[in-house]
Amino acid sequence: MIRVVAALSVVLGALALTGCGGGGSKDSSSKNTAAADKTPVTLTFWSPFTARELHVMDAGIAKFHKRYPWITVKSVGAITADKLTASIHAGNPPDVASMFETDNLGAFCNSGAWQDLNHYIDADEFDMNQFPKTIRDYTAYKDKRCALPLLADSYGLYYNKALLAKAGIAAPPKTVDQLAADAKKLTTRNPDGSLEVVGFNPLMGWYENAPVHWGPMWGATWMNGDKSGLADSPGWEEMARWQKKLIDWYGYDNLVRWQASSGDEFSASNAFETGKVAMNLDGEYRIGFIKAEAPKLDFGTAPLPTSKPDLYGTSFVIGTIMGLPKGAKHADAAWLFLKFFSTDETTLAQMSNGLQNIPSTLASLKSTELKYDPRFKTFMNVFANPKSSTQPVLSIGAQNQTLFASFLDKWQAGHVKDEDLPDGIANVDKQINAALEQAGSNVP
Amino acid sequence: VSSAEGVLALTGPAAVARLKAKKRTAWRRRGLVLLLMSPWIVGFTAFFGYPLVSSFFLSFTHYDLLSSPRWVGLANYKFLFEQDQQVWPAVKNTLWLMAFFVPLQVVFAFGVALMLSRARRGIGFFRTVFYLPALAPTVAATLAFVYLLNPATGPVNIVLGHLGIEGPLWFHSPTWSKPSLTLLGLWGVGNLMIIFLAAVIDVPRHLYESSQLDGAGPLQRIRYVTLPSISPVILFAVVIGVIDSLQYFTQAYVAAGVAQGQAASESATNLGYPEDSTLFYPVLLYQQGFRYFNMGYASAMAMLLLVVALAVTLLILRSSRLWVFYQGAGRR
């Protein structure tokens, strides 16, 4: 409840500040060919947002209506990807749709379920370079750009200041070696030998610990051209070995037992919020959760530790996407909507304040409207870093990630022999390539 | 006059008219039968016949749910049998269920039914208590078991700890995840137990009495009287159990997700956690069809499942001639 009130007051406050002059904020450096026709239309917009987040979205929509008074938006929340798929399939889609599952874009784009926006982009001379490269990457499948971003997420290291001070650690780790050393120093055990506080949990699959989030720390990449290239990117093997070494130090069983008691990620019993884990990889949105759920927690944020110094300050970047479904009735008006919500500086800033996500354009990072906790800055910086990376957009969805995670699951449990690691990774490539080929060979 | 009419009625135009009327009545009757059956016919066609035919067709296509299916011939089947490395582990997990879960379920349901049939006092109470878990919604029951069997905070391991035993990792261990699911299944065995109970109670008293006169002990009475008498119910339990285990999904899906905790995005979650030990065939099918937009391939997997289910059921039914007895008919 407090969170809802707080969010509402932020949104209302922001509206009061800017509402009157809403039309004055900067849009992208583009023409507005689609805005020529001013026949009144009602746009339908579907989003996965609910409750508090939907209020923030709707406040933005009110601003959009002020800017384009002839366009009325009917906003529908709590829409899942399945529902969206069914509506497109049935020929009854909304005019604009947004989706949390960025993994789905390849399939949506490849099948034409979301339309290619390139002709609008060309006609309007819409500048895609106002977004960082990561966003340009995760909103397109091959040469089709089927989505624009609706805010973004980046990842960093959260650390518990009190626990670090107690262990005599002056600053958060910058290298993965320091991370491992600090994790050991920060770990405490119960009298029976079980783990009490874990310095850093290296088990994959837990909270945000996934290959896709960890990869950038080792500069590891997914693809080699059109093929899966995990074995061609030495970072993955280094990552796996680093991880296993730390797991062995804790004892795999000990760690699993501790993990089973670590509480749900999205609840007040989150292990970082309760002080059960001293350092943790997480997204920028965690700051909002901590403030609401563990306001007394003394924590700091830093870029993720890396294996090489030149990687420091980079991260994994991803975000909610929105697009124009096949069969949308008011495509021109929908394009105005997409453009507005991916680039309007004031709106982005206000939504960022409300949703605690990163505004998607480089210019909006400097918006004076942004009100953020100083610790949020870490995530804005890594987001803007040109060396940050994202996941590949594939027609097989997240199958590559799942197959790799499944292998790492066996590896971390000690069920893959040390010398078999390279072959194991190469075999994951083989499986991913077979899946890609299976999906691809079916396309005429 | 009347006899002449009678003759006419047998041979003349009146006979034709009567035949016609008869035919009309028959048609009307058929129409009525069809009308009365129509809810079933509509339901069967729409929810069974059509999906079956359409899955069969889709199994020869690439179908991403978003655009029209494209014909690819046997490509999906080729991938299924030759390339997909996840199929065999999924098949093995499903076979495990058939080999361990199904027999245990039958034995457990029978055992409980046997004990309940002997209860002297509180019959209603005990029957209710043993039946009750079957009413719990599957997802809720699974969540409860993941909680009960939590290796660190779960009451089961805490009690074991007090006894000086370090409890296993349950849903977090590839060795224990399937036994944990089995425990969950045995706990919710109420429906089957009720059917067994009805069958056990229905065994004719006189058979027990005469076997007792012949000097049969309690175990012999179960072996030579109870089991043969209820063998049709055992057959039913085995067939239903096998089909259920071939379609085992919800419990595995929920347990893997909850036990693993949050990971990356929902669509990238590792469904078979831990180490693909709960990746049953239907779970893999779901993953392909609904997570990876590979509905053509998922349809091919479903076709294989159908064929296997049919074959296994036929096999069990054939073997039943050797061990199932129907009252009054001896062996079938």
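Preceding block: the structure.
These numbers come from a predicted model, not from an experiment.

Here we take up the overall build of chain B. Tallying secondary structure elements over chain B gives 14 helices and four strands in all. Whereas a compact globule of 332 residues would reach a radius of gyration of roughly 20 Å, chain B reaches 28 Å, over 25% beyond that. In terms of overall dimensions, chain B has a C-alpha envelope of 105 × 70 × 35 Å along the principal axes. Put simply, of all contacts in chain B between residues at least 6 apart along the chain, 66% involve residues at least 24 apart. In chain B, 24 side chains carry a positive charge and 12 a negative one; their mean positions are 17 Å apart.

Moving on: the interface of chain A and chain B. At the interface, 48 residues of chain A touch 45 residues of chain B. Of the roughly 3800 Å² buried between chain A and chain B, counting both surfaces, carbon and sulfur atoms make up 52%. Connecting chain A to chain B are two salt bridges. On the surface where chain A and chain B come into contact, there are 13 residue pairs in polar contact (both at pLDDT 80 or more). For the side of chain A that touches chain B, the secondary-structure elements that each account for two or more residues are α3 (81-89), α4 (105-110), α11 (252-260), α16 (399-412) and α17 (421-440) of chain A. For the side of chain A that touches chain B, the element with the highest residue contribution is α16 of chain A, accounting for eight residues.

What follows concerns the pattern of salt bridges. Residue and element names in this part refer to chain A. Inspection of every chain in the model, using the stated rule, returns 14 salt bridges over all chains. Put simply, Asp 137 and Lys 133 hold a salt bridge, and the shortest N to O gap is 2.8 Å. In this pair, Asp 137 and Lys 133 are both assigned in helix α6 (residues 133-138), four residues apart and thus about one turn of the helix distant. Note that Arg 286 and Glu 273 form a salt bridge whose closest N and O atoms lie 2.8 Å from each other. Residue Arg 286 is found in helix α12 (residues 286-293), and its partner Glu 273 is found in the loop between α11 and β11 (277-283); the two are separated by 13 residues along the sequence. Of the two residues examined, Arg 286 and Glu 273, each falls in the buried class.

The next point concerns the packing of helix α8 (residues 176-186) of chain A against helix α10 (residues 234-250) of chain A. Helix packing geometry: the angle between the two helix axes and the distance between the axes. Residues and elements named next belong to chain A. Where α8 contacts α10, the axes come no closer than 11 Å and their chain directions differ by 10°. The angle between α8 and α10 places the two elements in the roughly parallel class. From α8, Val 176, Asp 177, Leu 179, Ala 180, Ala 183 and Lys 184 reach across to α10, where they touch Trp 242, Leu 246, Trp 249 and Tyr 250. When its residues are assigned to classes, the contact of α8 with α10 shows eight nonpolar, no polar and two charged.

Residue and element names in this part refer to chain B. One can describe the packing of helix α4 (residues 87-118) onto helix α11 (residues 218-246) by two numbers: an axis separation of 9 Å at closest approach and a directional angle of 140°. One way to sum up the angle between α4 and α11 is to call them oblique. The hand of the α4/α11 crossing is right-handed. Every residue of α11 that contacts α4 at Thr 94, Leu 97, Met 98, Val 102, Gln 105, Val 106, Phe 110 and Leu 114 is listed here: Ile 222, Thr 226, Leu 227, Ile 230, Ile 234, Ala 237, Val 238, Gly 241, Val 242, Ser 245 and Leu 246.

With that settled, the discussion passes to α3 of chain A. Residue and element names in this part refer to chain A. Restricting attention to buried positions, one finds in α3 the residues Ala 81, Leu 84, Thr 85, Ser 87 and Ile 88. The buried residues of α3 occupy an angular sector of 165° when the element is viewed end-on, so they sit on one face. In this structure, the buried residues of α3 make contact with β1 (41-46), β3 (96-99) and α4. Positive phi appears at Gly 91, one or two residues downstream of α3, with a value of about 75°.

Relative to the helices and strands, Tyr 77 of chain B is located in helix α3 (residues 75-83). Those residues in contact with Tyr 77 of chain B, other than ones at most four positions away along the chain, are Ser 59, Phe 60, Ala 300 and Met 303 of chain B.

Reading the values: rules and limits
Residues numbered from 1 in each chain as written. Chains lettered and ligands numbered in written order. Predicted model: local features only at pLDDT ≥ 70, side-chain atom pairs only at ≥ 80, totals over all residues. Heavy atoms only, no water. Helix = DSSP H or I, 4+ residues; strand = E, 2+ residues; numbered from the N terminus. Rg over C-alpha atoms; globule rule 2.2 N^0.38 Å. Contact = heavy atoms within 4.5 Å. Lys, Arg positive; Asp, Glu negative; His and termini not counted. Charge placed at Lys NZ, Arg CZ, Asp CG, Glu CD. Buried area = accessible area lost by both parts, 1.4 Å probe. Salt bridge = Lys/Arg side-chain N within 4 Å of Asp/Glu carboxyl O. Polar contact = N/O pair within 3.5 Å; in protein donor to acceptor, adjacent residues only side chain to side chain. Buried < 20%, exposed > 50% of the residue type's maximum accessible area, 1.4 Å probe, protein only. Axes fitted to C-alpha atoms, helices over the stretch in contact; angles between N-to-C directions. Parallel < 35°, antiparallel > 145°, perpendicular 65-115°, else oblique. Nonpolar A, V, L, I, M, F, W, Y, C, P; charged D, E, K, R; others polar. Left-handed = near helix turned anticlockwise from the far one by under 90°. Arc of directions from axis to C-beta.

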